[in-house]
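# Chain and residue survey
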Amino acid sequence: MSSDEYSDREQSQIKHFALGLYLNVAARILGQSRDIAYVDCCAGPWKSETPDYRDTSFGVALRVLRDARVFLRSKGKNPKFRMLLIEDDPGAFAKLKAFAGQTSVPETTIRAEKWDFTEHLDEIVGFARQPPAFPFVFIDPTGWKLAQLNVIKPILQLNPGEVLINLMSSFITRFVNDAHQDFTNLLGAKFAELRDLHGEEQEDEVVRRYCEAIRQVGGFRYVCALPVMKADRDSFQFHLIYATRHLKGVEKFKEVERRAARQTEVIRAEKQQKKREKRSRNLDLFTPEIRYQETRYQRLKGKNKGLAGSAVMNLIKTRDSLSYDECWAEAMQFAAVYESDLRGWLAAAESQNLVRIAGRKTSTEVLKIRANHTISLVR
Ligand SMILES: C[S@@+](CC[C@H](N)C(=O)[O-])C[C@H]1O[C@@H](n2cnc3c(N)ncnc32)[C@H](O)[C@@H]1O
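Residue numbering note: each chain is counted from 1, following its sequence as written. Selection of residues for local features in this predicted model requires a pLDDT of at least 70, selection of side-chain atom pairs for listing and counting requires 80 or more, and totals for whole chains, interfaces and linings are taken over all residues. The basis for the side-chain values is all heavy atoms of the structure; hydrogens and waters are excluded.

### Digging into the domain arrangement of the protein
- Just so you know, the domain bounds were taken from an automatic or database domain assignment. For the protein, the assigned domains read domain 1 (4-270) and domain 2 (295-377).
- Centre-to-centre separation of domain 1 and domain 2, based on C-alpha positions: 29 Å.
- Every contact between the two is made by 23 residues of domain 1 and, on the other side, 18 residues of domain 2.
- For the pairing of domain 1 and domain 2, the buried interface totals around 1,800 Å² over both sides, and the portion due to carbon and sulfur atoms is 53%.
- The quantity reported as buried area is the accessible area (1.4 Å probe) lost by two parts once they are put together, taken as the sum for both. For the domain 1 face of the interface with domain 2, the top three residues by lost area are Glu200, Leu247 and Lys254, together amounting to 29%.
- Salt bridge, as used here: a side-chain nitrogen of Lys or Arg that lies within 4 Å of a carboxyl oxygen of Asp or Glu. Counting across the domain 1 and domain 2 interface gives six salt bridges.
- Between Arg299 and Glu200 there is a salt bridge, with the nearest N and O atoms lying 2.7 Å from each other.
- Definition of a polar contact: a pair of N or O atoms within 3.5 Å, with one able to donate and the other able to accept a hydrogen when the atoms are protein atoms, and with sequence-neighbouring residues admitted only if both atoms are side-chain atoms. Along the contact surface separating domain 1 from domain 2 lie 15 residue pairs in polar contact (both at pLDDT 80 or more). Only heavy atoms matter for contacts: two residues are in contact if any of them lie within 4.5 Å across the pair.

### Looking at the pattern of salt bridges
- Taken as a whole and judged by the stated rule, the model has 27 salt bridges.
- Notably, a salt bridge pairs Lys254 with Glu257, separated by 2.8 Å at the nearest N-O pair. Separated by three residues within a single helix, Lys254 and Glu257 lie in helix H9 (residues 247-280), roughly one turn from each other. Taken individually, Lys254 and Glu257 each receive the classification buried, so the pair is uniform in this respect.
- One network of salt bridges, with partners in common, ties together Glu200, Glu203, Asp204, Arg296, Arg299 and Lys303. Each helix is a run of DSSP H or I of at least 4 residues and each strand a run of E of at least 2, with the numbering of both proceeding from the N terminus. Here the term buried applies to any residue with accessible area under 20% of the maximum for its type, exposed to any over 50%, and partly exposed to those in between, with areas from a 1.4 Å probe on protein chains only.

### What about the packing of H9 against helix H11 (residues 324-332)?
- For helices, the axis comes from a line fit to the C-alpha atoms of the stretch in contact; other axes are also lines fit to C-alpha atoms, and the angle between any two N-to-C directions lies between 0 and 180 degrees. Relative orientation of the contacting elements H9 and H11 amounts to 50°, with a least axis distance of 11 Å. Here H11 runs oblique to H9, going by the angle between their axes. Crossing angle aside, the handedness with which H9 passes H11 is left-handed. Between H9 and H11, the contacting residues are Leu247, Val250, Glu251 and Lys254 on the first element and Asp325, Trp328, Ala329 and Met332 on the second.
- Counted by class, the contact of H9 with H11 contains five nonpolar, no polar and three charged residues. Any angle between 65 and 115 degrees counts as roughly perpendicular, while under 35 counts as roughly parallel, over 145 as roughly antiparallel, and the rest as oblique. Two helices crossing with the near one rotated counterclockwise from the far one by less than a right angle form a left-handed crossing, whereas a clockwise rotation gives a right-handed crossing. Three residue categories are used. Nonpolar comprises Ala, Val, Leu, Ile, Met, Phe, Trp, Tyr, Cys and Pro, charged comprises Asp, Glu, Lys and Arg, and polar comprises the others, including Gly.

### Points about H11
- Along H11, seven of the nine residues are buried, which leaves the element largely enclosed by surrounding structure.
- Residues of H11 that are buried include every one of Tyr324, Asp325, Cys327, Trp328, Ala329, Ala331 and Met332, and no others.
- Structurally, H11 contributes buried residues whose contacts are with strand E6 (222-229), H9, helix H10 (296-318), strand E8 (322-323), helix H12 (339-351) and strand E10 (374-377).

### Points about the site of the ligand
- By convention in these notes, a residue is near a molecule or strand provided one of its non-hydrogen atoms lies within 4 Å of it. As a matter of local geometry, the ligand sits amid 18 residues, with His16, Cys42, Ser57, Glu87 and Asp140 nearest to it.
- Separating a nitrogen atom of the ligand from a backbone N or O atom of Phe117 is a distance of 3.0 Å.
- Between Asp140 and the ligand, the recorded distance is 2.8 Å, taken from a side-chain N or O atom to a nitrogen atom.
- For the ligand, whose unbound accessible area comes to 600 Å², protein coverage reaches 90%.
- Classifying every residue of the shell around the ligand gives seven nonpolar, five polar and six charged. All accessible-area figures derive from a Shrake-Rupley calculation using a 1.4 Å probe, and residue coverage is judged against the displayed protein chains alone.

### A closer look at the sheet that holds E8
- Two strands qualify as a pair provided that DSSP identifies no fewer than 2 bridges between them. Reading across the sheet, the three strands line up as E8-E10-E9 and stay open at both edges, with antiparallel pairing between neighbours. Two strands in the sheet have a free side with no partner beyond their single neighbour: E8 and strand E9 (355-358).
- Against the sheet, H10 contacts E8, E9 and E10, and its axis sits at roughly 75° relative to E10.
- This element, H12, spans E9 and E10 of the sheet and lies at about 115° to E9.

### A closer look at the sheet that holds strand E3 (residues 108-114)
- Strand order in this open sheet of seven strands is E3-E2-E1-E4-E5-E7-E6, and the pairing throughout is mixed. Strands at the two margins of the open sheet, each flanked by one partner only, are E3 and E6. Across this sheet, the average inter-strand angle for adjacent strands is 15°, counted without regard to direction.

### Things to note about helix H4 (residues 121-129)
- Of all the residues in H4, the buried ones are Leu121, Ile124, Val125, Phe127 and Ala128. The buried residues of H4 occupy one face: seen down the axis, they fall within an arc of 160°. The directions considered for the arc are those from the helix axis to the C-beta atoms.

### Quick word on unusual backbone geometry
- Residues Gln130 and Pro131 are joined by a peptide bond in cis, for which omega reads -10°.
- A cis amide bond links Asn159 to the next residue, Pro160, at an omega of 10°.
- The residue Pro160 is located in the loop between helix H5 (149-156) and strand E5 (162-167) in this model.
- Its identity is not glycine, yet Asp8 carries a phi of approximately 70°, on the positive side.
- Tracing the backbone shows Asp8 in the segment before helix H1 (10-30).
- Judged by its relative accessible area of 63%, Asp8 is exposed.
- Positioned with a positive phi, Asn353 is a non-glycine residue whose angle comes to about 60°.
- Take Asn353: it is sitting in the loop between H12 and E9.

Put into structure tokens, the structure is as follows:
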């Protein structure tokens, strides 16, 4: 993925990076035992700079599904993949249709439809369900209205199924204080409470409430938010909201989050260096990362560590004994919180005799999921 083709839309580069990483691993795992139905509800192409559309979400999805097929074939598996690519704009759809017509991948059907996806939800659900397959749906609108729960409810309720939604958080916070706007279908009935909050506190709460609403409407066990930064400002542009009913999904998505955070640093650091060099008309002596500046993600990380730690402790207090897996899942749904944080809190709580940890073969065994480790409160 070259940064040139994403010049001045580096957020899309991170979005495609995360989509590609997740879909690749999901297809390799799920494709071992079933077919896969991939739906891109807002496919584009949109601001694409490449003749083969490798800088679009459908181009990325096709590449990773093709790679996953090669991998699965090498393991003696031969699942069928099907893709439904939807685009509403006539000009963009003409390009999408030509792409779908020219592209052929073994055991993969590519269907392009010129639809307003909100008017074809029955067909989308039908495509996802029949013949039986595991559906993965990507919803990437330009504003927030198409991400509303009343609009996408049938997609959220596909079970089995997972969704990835682009929540334009920076856009929403520009309108949330407007008394003429109703956000009930995005943020719940009590959305007006958000008007008492400001700045990043408000933005974080918008994301938290949307995740909660997605969890409830879709009956998902886990919902994670991956913040995507603006390339040239110390703020977030949007959040990728991932919803799943499986622990394994969270595990893989956290790895995507970690790698996307690293990739964000590389991209933003280069951008900052170019800006400095242009201003000073001198070349920097150091590699871009040395002088990298960013505070927004670091603040979110600090805040979420506090919130996740409290959430885990509260959960432990409600039960006689809790599996480490449940503690893990609770903590990992907070962006920028990782397993090393959780292990650190539990080790500190154990050394202060606040919790008891059982199930380890030795007292130094590292806590991990699927190992029957349990946590209980010392009462
Ligand atoms: C942000 S762009 C998506 C870009 C693409 N997913 C990517 O990452 O390369 C949003 C696209 O959705 C299309 N769109 C907007 N409303 C739509 C709708 N109701 N149904 C289908 N497509 C829509 C727009 O024309 C635009 O191409």
